[in-house]
Amino acid sequence: MVNYGYKAKKGIGSIFYFTLPPYGIKIKSKEGRLIDKTANRLETTLKKLKVLIVDDDEISRWLLAKMLGNISSEVLNAENGLEAVETLKSDPDIELVLMDIKMPVMDGYEATRQIRQFNKKSFIIAQTAFTLKGDKEKAIGAGCNSYMSKPVNKANLLTLLEKHFKA
């Protein structure tokens, strides 16, 4: 259990404190167990995929790679859309692309349009933290197969992948 505390005195400063359980102790919630069971079941039904994660944020790439660890045979990374296009040109065996939309150099929409000129088979999922009305339609129109908002929910992602990549 995490307890947060805060004490402030005008002109003196502030003290923040919290407590965490000892490292290695797992706290389970009913909701967490349900998600874990769903994710575990889905991981066993999916084949191993060659994945390209396209995101300008290193932490996001790392988290997605961890999420896909049990269902990936190989995980490749690209920091922008231009790198993604070049990676897919040089490696046509990539089966799944998780494409961030908002990136420097080349955004996910343009990268997907360029990829679709030479690669129709890779399954591309657009992902973005900045969801606006019409974004899903714009992503599908650019050539993405599906769309997810960030933060990506592992069970939802695996459910989507199960429809396309059963073992």
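About the criteria used
- Residues numbered from 1 in each chain as written.
- Predicted model: local features only at pLDDT ≥ 70, side-chain atom pairs only at ≥ 80, totals over all residues.
- Heavy atoms only, no water.
- Helix = DSSP H or I, 4+ residues; strand = E, 2+ residues; numbered from the N terminus.
- Buried < 20%, exposed > 50% of the residue type's maximum accessible area, 1.4 Å probe, protein only.
- Contact = heavy atoms within 4.5 Å.
- Axes fitted to C-alpha atoms, helices over the stretch in contact; angles between N-to-C directions.
- Parallel < 35°, antiparallel > 145°, perpendicular 65-115°, else oblique.
- Core = buried A, V, L, I, M, F, W, Y, C linked by side-chain atoms within 4.5 Å.
- Arc of directions from axis to C-beta.
- Pairing = 2+ DSSP bridges.

Looking only at helices and strands, one finds six helices and seven strands in the protein. Counting from the amino terminus, helix and strand elements in the protein follow one another as β-β-α-β-α-β-α-β-α-β-α-β-α. Counting the 167 residues in the protein, one finds 40% classified as buried. Residue pairs in contact within the protein that sit at least 24 positions apart in sequence constitute 62% of those at least 6 positions apart.

On to the environment of serine 146. Tracing the backbone through its elements, the reader meets serine 146 in strand β7 (residues 146-149). When the C-alpha positions of serine 146 and isoleucine 124 are compared, they lie 6.7 Å apart, and in sequence the two are 22 residues distant.

At a minimum axis separation of 8 Å, helix α4 (residues 108-118) and helix α5 (residues 135-142) run at an interaxial angle of 25°. For the element pair α4 / α5, the angle class is roughly parallel. Between α4 and α5, the contacting residues are Tyr109, Thr112, Arg113 and Arg116 on the first element and Asp135, Lys138, Ala139 and Ala142 on the second.

Right, let's get into the nonpolar core. Proteins that are soluble and globular tend to have nonpolar side chains buried together. Leu52, Val54, Val97 and Met99 are the most contacted members of the largest nonpolar core, which totals 22 residues. Looking at this core, the elements with two or more residues in it are β3 (49-54), β4 (72-78), α3 (81-90), β5 (96-100), α4, β6 (123-128) and α5. Here leucine 52 is in contact with Leu76, Asn77, Ala78, Ala84, Thr87, Leu88, Ile94, Leu96, Val97 and Leu98, once residues within four sequence places are set aside. Formed by 18 residues, the second largest nonpolar core is a distinct cluster that contains Ile53, Leu64, Phe123 and Met148.

Among all positions in helix α2 (residues 58-67), only Ser60, Arg61, Leu64 and Met67 are buried. The arc enclosing the buried residues of α2, seen along the axis, measures out at 125°, which places them on a common side. More than 90 degrees from the buried face of α2, the exposed residues found are Glu58, Ile59, Trp62 and Lys66.

Whether parallel or antiparallel, the strands of a sheet pair through hydrogen bonds between backbone atoms. Taken together, five strands build an open sheet; the order of strands is β4-β3-β5-β6-β7 and the sheet is parallel. Across the chains shown, the open sheet's two edge strands, defined by having one partner strand only, are β4 and β7. Averaged over all pairs of adjacent strands, the angle between their axes in this sheet comes to 20°, without regard to strand direction. Across four bridges, the pairing between β3 and β5 is parallel. Paired with leucine 52 across the two strands is valine 97, which belongs to β5. Sitting on the sheet, α4 touches β5 and β6, and the angle it makes with β5 is about 150°.

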